[in-house]
Amino acid sequence: MDLLAQILINGVLLGGLYAVMALGLALVWGVLNIVNLAHGAFIMLGGYLSWHLYIYLGIDPFLGLPITAVVMFCLGYALQRGVLNLVVRAPMFNTLLITFGLEVVLTYLAQLAFSADFRTINPSYAGSSIALGPVVVPVARLMAFGVAVALTIGMWLFLLHSRLGRAIRATAQNLVAARLYGVEPRHLYAMTFGIGIGLAGAAGGLYGTVSQIDPYIGATLTAKSFAIAIIGGLDNPLGVLVGGLVLGIIESLTVLYVGATFGDVASFGVLVLVLIFRPSGLLGKTA
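Residues numbered from 1 in each chain as written. Predicted model: local features only at pLDDT ≥ 70, side-chain atom pairs only at ≥ 80, totals over all residues. Heavy atoms only, no water.

1. Here we look at the overall build of the protein
The test is simple: Numbering of helices and strands runs from the N terminus; a helix is a DSSP stretch of H or I covering at least four residues, while a strand is a stretch of E covering at least two. For the exposure calls, accessible area comes from a 1.4 Å probe over protein chains only, and a residue counts as buried if that area is under 20% of its type's maximum, exposed if over 50%, partly exposed in between. Whether two residues are in contact is decided by their heavy atoms: any pair within 4.5 Å suffices. Only the protein chains shown count as cover for residues, with accessible areas throughout obtained via the Shrake-Rupley method and a probe of 1.4 Å. This count recognises Lys and Arg as positive and Asp and Glu as negative, with His and chain-terminal groups excluded. The atom standing in for a charge is NZ when the residue is Lys, CZ when it is Arg, CG when it is Asp and CD when it is Glu.
Scanning the protein for helices and strands turns up 11 helices and 2 strands. Its helices and strands in sequence order give the protein the pattern α-α-α-α-β-β-α-α-α-α-α-α-α, from N to C terminus. Considering only C-alpha atoms, the protein reaches an extent of 60 × 45 × 35 Å along its principal axes. By the burial criterion, 49% of the 287 residues in the protein qualify as buried. Partitioning the intrachain contacts of the protein with sequence separation of at least 6 by distance along the chain shows that 78% fall at a separation of at least 24. When the accessible surface of the protein is split by element, carbon and sulfur atoms take 70% of a total near 13,000 Å². Of the side-chain charges in the protein, 12 are positive and 9 negative, and the distance between the mean point of each set is 18 Å.

What follows is the structure, encoded as C-alpha coordinates:
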(Lines give C-alpha, C1' and ligand atoms only; values in the text may rest on other atoms or scores of the structure.)
Protein backbone atom coordinates (compact mmCIF):
# COMPACT_ATOMS: atom_id res chain seq x y z
CA MET A 1 0.00 0.00 0.00
CA ASP A 2 2.89 2.35 0.74
CA LEU A 3 4.33 1.66 -2.70
CA LEU A 4 0.92 2.25 -4.31
CA ALA A 5 0.55 5.58 -2.49
CA GLN A 6 4.02 6.63 -3.66
CA ILE A 7 3.21 5.68 -7.25
CA LEU A 8 -0.09 7.60 -7.15
CA ILE A 9 1.67 10.71 -5.82
CA ASN A 10 4.29 10.41 -8.55
CA GLY A 11 1.53 10.01 -11.12
CA VAL A 12 -0.28 13.14 -9.94
CA LEU A 13 2.92 15.20 -9.99
CA LEU A 14 3.77 13.90 -13.46
CA GLY A 15 0.23 14.57 -14.65
CA GLY A 16 0.41 18.23 -13.66
CA LEU A 17 3.54 18.64 -15.77
CA TYR A 18 1.88 16.80 -18.66
CA ALA A 19 -1.08 19.18 -18.45
CA VAL A 20 0.95 22.36 -18.81
CA MET A 21 2.85 20.74 -21.69
CA ALA A 22 -0.44 20.18 -23.54
CA LEU A 23 -2.09 23.49 -22.64
CA GLY A 24 -0.52 25.51 -25.45
CA LEU A 25 -1.18 22.84 -28.07
CA ALA A 26 -4.85 22.61 -27.06
CA LEU A 27 -5.23 26.41 -27.25
CA VAL A 28 -3.67 26.67 -30.72
CA TRP A 29 -5.57 23.66 -32.01
CA GLY A 30 -8.90 24.83 -30.61
CA VAL A 31 -8.65 28.42 -31.89
CA LEU A 32 -6.54 28.25 -35.04
CA ASN A 33 -7.36 24.66 -36.05
CA ILE A 34 -3.61 24.06 -36.33
CA VAL A 35 -2.27 20.75 -35.02
CA ASN A 36 1.18 22.04 -34.16
CA LEU A 37 3.59 19.16 -34.79
CA ALA A 38 6.43 21.44 -33.68
CA HIS A 39 4.92 21.89 -30.22
CA GLY A 40 7.37 19.52 -28.54
CA ALA A 41 10.30 21.29 -30.22
CA PHE A 42 9.15 24.57 -28.64
CA ILE A 43 9.00 22.83 -25.25
CA MET A 44 12.55 21.66 -25.88
CA LEU A 45 13.68 25.21 -26.73
CA GLY A 46 12.05 26.50 -23.56
CA GLY A 47 14.00 23.92 -21.58
CA TYR A 48 17.29 25.00 -23.15
CA LEU A 49 16.50 28.67 -22.55
CA SER A 50 15.80 28.02 -18.86
CA TRP A 51 19.00 25.98 -18.65
CA HIS A 52 21.05 28.84 -20.10
CA LEU A 53 19.43 31.37 -17.77
CA TYR A 54 20.37 29.17 -14.81
CA ILE A 55 23.89 28.18 -15.90
CA TYR A 56 25.14 31.49 -17.31
CA LEU A 57 23.08 34.09 -15.43
CA GLY A 58 22.39 32.20 -12.20
CA ILE A 59 18.62 32.72 -12.45
CA ASP A 60 16.64 30.09 -10.57
CA PRO A 61 14.66 27.98 -13.10
CA PHE A 62 11.33 28.82 -11.48
CA LEU A 63 12.11 32.54 -11.22
CA GLY A 64 13.28 32.46 -14.84
CA LEU A 65 10.01 31.03 -16.15
CA PRO A 66 8.49 34.46 -16.93
CA ILE A 67 11.57 35.37 -18.98
CA THR A 68 11.39 32.06 -20.85
CA ALA A 69 7.66 32.47 -21.49
CA VAL A 70 8.04 36.05 -22.80
CA VAL A 71 10.91 35.14 -25.15
CA MET A 72 9.00 32.14 -26.48
CA PHE A 73 5.83 34.24 -26.83
CA CYS A 74 7.72 36.70 -29.05
CA LEU A 75 9.06 33.82 -31.16
CA GLY A 76 5.58 32.32 -31.50
CA TYR A 77 4.00 35.68 -32.39
CA ALA A 78 6.60 36.30 -35.12
CA LEU A 79 6.23 32.81 -36.58
CA GLN A 80 2.46 33.01 -36.69
CA ARG A 81 2.37 36.53 -38.13
CA GLY A 82 5.05 35.87 -40.73
CA VAL A 83 4.54 32.22 -41.67
CA LEU A 84 1.56 30.35 -40.26
CA ASN A 85 -1.02 33.06 -40.98
CA LEU A 86 -0.49 32.21 -44.64
CA VAL A 87 -1.98 28.74 -44.09
CA VAL A 88 -4.25 29.29 -41.08
CA ARG A 89 -7.39 28.55 -43.13
CA ALA A 90 -5.69 26.10 -45.48
CA PRO A 91 -6.47 22.36 -45.47
CA MET A 92 -5.27 20.49 -42.41
CA PHE A 93 -2.66 18.62 -44.44
CA ASN A 94 -0.89 21.90 -45.32
CA THR A 95 -0.63 22.98 -41.67
CA LEU A 96 0.65 19.53 -40.69
CA LEU A 97 3.36 19.77 -43.33
CA ILE A 98 4.53 23.24 -42.35
CA THR A 99 4.57 22.54 -38.61
CA PHE A 100 6.39 19.24 -39.23
CA GLY A 101 8.94 21.20 -41.25
CA LEU A 102 9.32 23.64 -38.35
CA GLU A 103 9.90 20.71 -35.97
CA VAL A 104 12.68 19.32 -38.19
CA VAL A 105 14.35 22.73 -38.55
CA LEU A 106 14.17 23.54 -34.83
CA THR A 107 15.56 20.11 -33.90
CA TYR A 108 18.46 20.50 -36.33
CA LEU A 109 19.24 24.03 -35.14
CA ALA A 110 19.10 22.89 -31.50
CA GLN A 111 21.56 20.11 -32.26
CA LEU A 112 23.94 22.59 -33.92
CA ALA A 113 23.64 25.10 -31.08
CA PHE A 114 23.58 22.83 -28.03
CA SER A 115 25.00 19.48 -29.29
CA ALA A 116 23.26 16.19 -28.59
CA ASP A 117 24.43 16.04 -24.96
CA PHE A 118 21.82 15.70 -22.23
CA ARG A 119 21.23 18.81 -20.10
CA THR A 120 19.58 18.96 -16.69
CA ILE A 121 18.69 21.98 -14.59
CA ASN A 122 19.97 21.17 -11.10
CA PRO A 123 19.26 23.92 -8.55
CA SER A 124 20.38 23.45 -4.96
CA TYR A 125 17.04 21.92 -3.96
CA ALA A 126 16.96 19.42 -6.86
CA GLY A 127 17.67 16.47 -4.56
CA SER A 128 15.49 17.64 -1.66
CA SER A 129 12.28 15.89 -0.71
CA ILE A 130 9.44 16.11 1.80
CA ALA A 131 8.37 13.04 3.77
CA LEU A 132 4.61 12.68 4.27
CA GLY A 133 4.46 9.54 6.35
CA PRO A 134 5.63 6.69 4.12
CA VAL A 135 5.39 8.86 0.98
CA VAL A 136 8.34 10.93 -0.25
CA VAL A 137 7.58 14.00 -2.39
CA PRO A 138 10.49 15.50 -4.37
CA VAL A 139 10.57 19.27 -3.84
CA ALA A 140 11.34 20.12 -7.48
CA ARG A 141 8.49 17.97 -8.77
CA LEU A 142 6.11 19.44 -6.21
CA MET A 143 7.07 22.98 -7.22
CA ALA A 144 6.69 22.11 -10.90
CA PHE A 145 3.25 20.65 -10.17
CA GLY A 146 2.20 23.80 -8.28
CA VAL A 147 3.32 26.06 -11.14
CA ALA A 148 1.57 23.81 -13.68
CA VAL A 149 -1.74 23.95 -11.80
CA ALA A 150 -1.41 27.73 -11.35
CA LEU A 151 -0.76 28.22 -15.07
CA THR A 152 -3.74 26.05 -15.99
CA ILE A 153 -6.14 27.84 -13.65
CA GLY A 154 -4.71 31.20 -14.73
CA MET A 155 -5.30 30.31 -18.37
CA TRP A 156 -8.88 29.27 -17.60
CA LEU A 157 -9.57 32.57 -15.81
CA PHE A 158 -7.85 34.53 -18.59
CA LEU A 159 -10.08 32.97 -21.26
CA LEU A 160 -13.22 33.54 -19.19
CA HIS A 161 -12.73 37.05 -17.86
CA SER A 162 -10.19 39.04 -19.89
CA ARG A 163 -11.06 41.03 -23.00
CA LEU A 164 -8.43 39.21 -25.06
CA GLY A 165 -9.54 35.85 -23.67
CA ARG A 166 -13.16 36.49 -24.63
CA ALA A 167 -12.02 37.55 -28.11
CA ILE A 168 -10.05 34.31 -28.46
CA ARG A 169 -13.07 32.24 -27.41
CA ALA A 170 -15.38 34.17 -29.72
CA THR A 171 -13.03 33.67 -32.68
CA ALA A 172 -12.80 29.96 -31.96
CA GLN A 173 -16.60 29.67 -31.93
CA ASN A 174 -17.52 31.95 -34.87
CA LEU A 175 -14.91 33.90 -36.84
CA VAL A 176 -17.44 35.88 -38.90
CA ALA A 177 -19.35 37.09 -35.84
CA ALA A 178 -16.09 37.98 -34.07
CA ARG A 179 -14.97 40.10 -37.04
CA LEU A 180 -18.29 41.96 -36.98
CA TYR A 181 -17.50 42.92 -33.37
CA GLY A 182 -14.13 44.40 -34.35
CA VAL A 183 -11.77 41.47 -33.85
CA GLU A 184 -8.72 41.65 -36.15
CA PRO A 185 -8.01 37.99 -36.96
CA ARG A 186 -4.35 38.20 -38.01
CA HIS A 187 -3.30 39.91 -34.78
CA LEU A 188 -5.53 37.68 -32.65
CA TYR A 189 -4.21 34.52 -34.29
CA ALA A 190 -0.64 35.68 -33.70
CA MET A 191 -1.42 36.48 -30.06
CA THR A 192 -3.03 33.07 -29.59
CA PHE A 193 -0.11 31.23 -31.14
CA GLY A 194 2.32 33.36 -29.13
CA ILE A 195 0.50 32.49 -25.89
CA GLY A 196 0.54 28.81 -26.84
CA ILE A 197 4.29 28.87 -27.52
CA GLY A 198 4.89 30.89 -24.34
CA LEU A 199 3.12 28.16 -22.37
CA ALA A 200 5.20 25.55 -24.19
CA GLY A 201 8.36 27.43 -23.22
CA ALA A 202 7.29 27.55 -19.57
CA ALA A 203 6.53 23.82 -19.74
CA GLY A 204 10.04 23.26 -21.08
CA GLY A 205 11.53 25.12 -18.13
CA LEU A 206 9.54 22.94 -15.74
CA TYR A 207 10.45 19.80 -17.67
CA GLY A 208 14.14 20.65 -17.40
CA THR A 209 13.96 20.67 -13.61
CA VAL A 210 12.61 17.11 -13.39
CA SER A 211 14.08 15.40 -16.47
CA GLN A 212 16.84 15.58 -19.05
CA ILE A 213 16.76 17.82 -22.12
CA ASP A 214 18.18 17.00 -25.52
CA PRO A 215 17.32 18.17 -29.06
CA TYR A 216 15.34 15.02 -29.85
CA ILE A 217 12.69 15.05 -27.11
CA GLY A 218 10.27 17.11 -29.19
CA ALA A 219 8.47 14.32 -31.04
CA THR A 220 7.73 12.39 -27.84
CA LEU A 221 6.46 15.50 -26.04
CA THR A 222 4.26 16.43 -29.00
CA ALA A 223 2.68 12.96 -28.95
CA LYS A 224 2.04 13.21 -25.19
CA SER A 225 0.56 16.69 -25.56
CA PHE A 226 -1.65 15.54 -28.42
CA ALA A 227 -3.03 12.65 -26.36
CA ILE A 228 -3.70 14.85 -23.33
CA ALA A 229 -5.44 17.53 -25.42
CA ILE A 230 -7.76 14.89 -26.91
CA ILE A 231 -8.45 13.20 -23.57
CA GLY A 232 -9.19 16.47 -21.75
CA GLY A 233 -10.93 18.39 -24.54
CA LEU A 234 -9.82 21.40 -26.55
CA ASP A 235 -12.29 23.94 -25.22
CA ASN A 236 -11.48 23.89 -21.50
CA PRO A 237 -8.04 24.31 -19.83
CA LEU A 238 -9.35 22.49 -16.77
CA GLY A 239 -10.12 19.54 -19.02
CA VAL A 240 -6.49 19.54 -20.15
CA LEU A 241 -5.44 19.45 -16.48
CA VAL A 242 -7.75 16.48 -15.85
CA GLY A 243 -6.40 14.76 -18.98
CA GLY A 244 -2.82 15.26 -17.80
CA LEU A 245 -3.60 13.86 -14.35
CA VAL A 246 -5.39 10.84 -15.82
CA LEU A 247 -2.49 10.12 -18.14
CA GLY A 248 0.14 10.58 -15.42
CA ILE A 249 -1.64 8.26 -12.97
CA ILE A 250 -2.34 5.58 -15.60
CA GLU A 251 1.26 5.62 -16.79
CA SER A 252 2.58 5.32 -13.22
CA LEU A 253 0.24 2.43 -12.37
CA THR A 254 1.08 0.65 -15.62
CA VAL A 255 4.80 0.92 -14.93
CA LEU A 256 4.24 -0.53 -11.43
CA TYR A 257 1.95 -3.44 -12.30
CA VAL A 258 2.79 -4.25 -15.93
CA GLY A 259 6.22 -2.90 -16.81
CA ALA A 260 8.07 0.25 -17.81
CA THR A 261 7.83 -0.51 -21.52
CA PHE A 262 4.01 -0.49 -21.43
CA GLY A 263 3.51 3.04 -20.11
CA ASP A 264 3.04 4.63 -23.53
CA VAL A 265 0.85 1.71 -24.67
CA ALA A 266 -1.54 2.34 -21.77
CA SER A 267 -1.59 6.09 -22.44
CA PHE A 268 -2.56 5.76 -26.06
CA GLY A 269 -4.97 2.96 -25.20
CA VAL A 270 -6.83 5.48 -23.02
CA LEU A 271 -6.73 7.93 -25.95
CA VAL A 272 -8.42 5.37 -28.21
CA LEU A 273 -11.13 4.68 -25.61
CA VAL A 274 -11.82 8.40 -25.18
CA LEU A 275 -12.09 8.86 -28.96
CA ILE A 276 -14.61 6.01 -29.10
CA PHE A 277 -16.79 6.83 -26.10
CA ARG A 278 -16.19 10.54 -25.46
CA PRO A 279 -14.75 12.16 -28.63
CA SER A 280 -15.20 15.70 -27.26
CA GLY A 281 -12.90 14.90 -24.31
CA LEU A 282 -13.57 14.20 -20.65
CA LEU A 283 -14.65 17.79 -19.92
CA GLY A 284 -15.32 18.88 -23.50
CA LYS A 285 -18.70 20.09 -24.66
CA THR A 286 -20.84 17.47 -26.35
CA ALA A 287 -22.78 18.33 -29.46
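2. Looking at the packing of aromatic side chains
The condition is simple: Here is the rule: rings of Phe, Tyr and Trp (six-membered ring for Trp) pair when centre to centre is within 6.5 Å. Planes less than 30 degrees apart are stacked, more than 60 are edge-to-face, and the remainder are tilted.
Under the counting rule described, the total for this entry stands at 6 aromatic pairs. Pairing W29 with F226 gives two aromatic rings, centres 5.3 Å apart and planes at 15 degrees, and the pair type is stacked. Here W29 is found in helix α1 (residues 2-32), whereas its partner F226 is found in helix α9 (residues 218-232), with 197 residues between them in sequence. The exposure class assigned to F226 is partly exposed, which follows from its relative accessible area of 31%. Each ring, one from Y48 and one from F114, has its centre 4.1 Å from the other, and the planes form 15 degrees; the classification is stacked. Highlighted residues: Y48 in helix α2 (residues 39-57) and F114 in helix α4 (residues 92-114), separated in sequence by 66 residues.

3. Details of the pairing of strand β2 (residues 135-138)
For a regular strand, side-chain orientation follows a simple rule: the groups alternate between the two sheet faces. Formally: Any two strands are treated as partners once DSSP identifies two or more bridges connecting them.
Only one face of β2 is buried: it carries V135 and V137, and the other face, with V136 and P138, is open. Between the end of strand β1 (residues 129-132) and the start of β2, which pair antiparallel, lie 2 residues, with G133 showing a positive phi angle near 65 degrees.

4. Observations regarding the pattern of salt bridges
Where side chains of opposite charge bring their charged atoms close, a pairing between them can arise. To keep it simple, the criterion reads: Salt bridges, as used here, are contacts in which a Lys or Arg side-chain nitrogen is within 4 Å of a carboxyl oxygen on Asp or Glu.
Taken as a whole, this structure holds 1 salt bridge when the rule is applied. Residues K224 and E251 are paired through a salt bridge, measuring 2.2 Å at the closest nitrogen-oxygen approach. Pair noted here: K224 is in helix α9 and E251 is in helix α10 (residues 237-257), with a separation of 27 residues, a long-range link. The exposure classification of K224 matches that of E251, with both residues buried.

5. Remarks on a nonpolar patch on the surface
Formally: The patches described consist of residues with a relative accessible area above 30% and no salt bridge, like charges being joined within 9 Å and nonpolar side chains (Val, Leu, Ile, Met, Phe, Trp, Tyr) within 5 Å.
On the surface, V105, Y108, L109 and L112 cluster together into a nonpolar patch covering about 410 Å² of accessible area. Positionally, L109 belongs in helix α4. Residue classification places L109 among the partly exposed residues on the basis of a relative accessible area of 45%.

6. With respect to the environment of G208
Mapped onto the fold, G208 is located in helix α8 (residues 185-210). On the basis of relative accessible area, G208 is assigned to the buried category, the value being 0%. In sequence terms G208 and W51 are 157 residues apart; their C-alpha atoms lie 7.3 Å from each other. The residues contacting G208, other than those within four sequence positions of it, are T120, I121 and I213.

7. Some details on the side chain of K224
Among the residues examined, K224 registers a relative accessible area of 7% and is labelled buried. In this structure K224 touches Y18, M21, L247, E251, D264 and S267, once residues within four positions along its chain are discounted.

8. Thoughts on the packing of α2 against α4
Selection criterion: As a rule, the C-alpha atoms of each element are fitted with a line to give its axis, helices using only the stretch in contact, and angles between N-to-C directions run from 0 to 180 degrees. Put simply, angles under 35 degrees are roughly parallel, angles over 145 are roughly antiparallel, angles from 65 to 115 are roughly perpendicular, and the rest are oblique. Note on convention: the crossing is left-handed when the near helix lies turned anticlockwise from the far helix by less than a right angle, right-handed when the turn is clockwise. Put simply, Ala, Val, Leu, Ile, Met, Phe, Trp, Tyr, Cys and Pro go in the nonpolar bin, Asp, Glu, Lys and Arg in the charged bin, and everything else, Gly too, in the polar bin.
One way to put it is that α2 packs onto α4 with a least axis distance of 9 Å and a crossing angle of 25 degrees. In terms of orientation, α2 and α4 fall into the roughly parallel class. Judged by the twist between their axes, the crossing of α2 over α4 is left-handed. Touching A41, F42, M44, L45, Y48 and H52 of α2 are E103, L106, T107, A110 and F114, all from α4. Classifying every residue of the contact of α2 with α4 gives 8 nonpolar, 2 polar and 1 charged.

9. Considering helix α3 (residues 65-82)
To keep things clear, this is the line we draw: Each helix should span, by expectation, one fewer than its residue count multiplied by 1.5 Å.
Taking 1.5 Å per residue as the helical rise, α3 with its 18 residues ought to reach 26 Å, and the 26 Å between its terminal C-alpha atoms agrees with that figure. Looking at the buried residues of α3, the elements they touch are α1, α2, α4, α5 (139-161) and α8.

10. Details of unusual backbone geometry
The phi dihedral of N33 is positive, around 60 degrees, even though this residue is not glycine. Positionally, N33 belongs in the loop between α1 and α2. A relative accessible area of 43% places N33 in the partly exposed class.

11. Quick word on the packing of α1 against α9
Interaxial distance between α1 and α9 falls to 8 Å at its minimum, and their mutual angle equals 75 degrees. Viewed along their axes, α1 and α9 adopt a mutual orientation that is roughly perpendicular. Across the interface between the two elements, Y18, M21, A22, L25, A26 and W29 of α1 pack against L221, K224, S225, F226, I228, A229 and I230 of α9. In terms of residue class, the contact of α1 with α9 is made up of 11 nonpolar, 1 polar and 1 charged.

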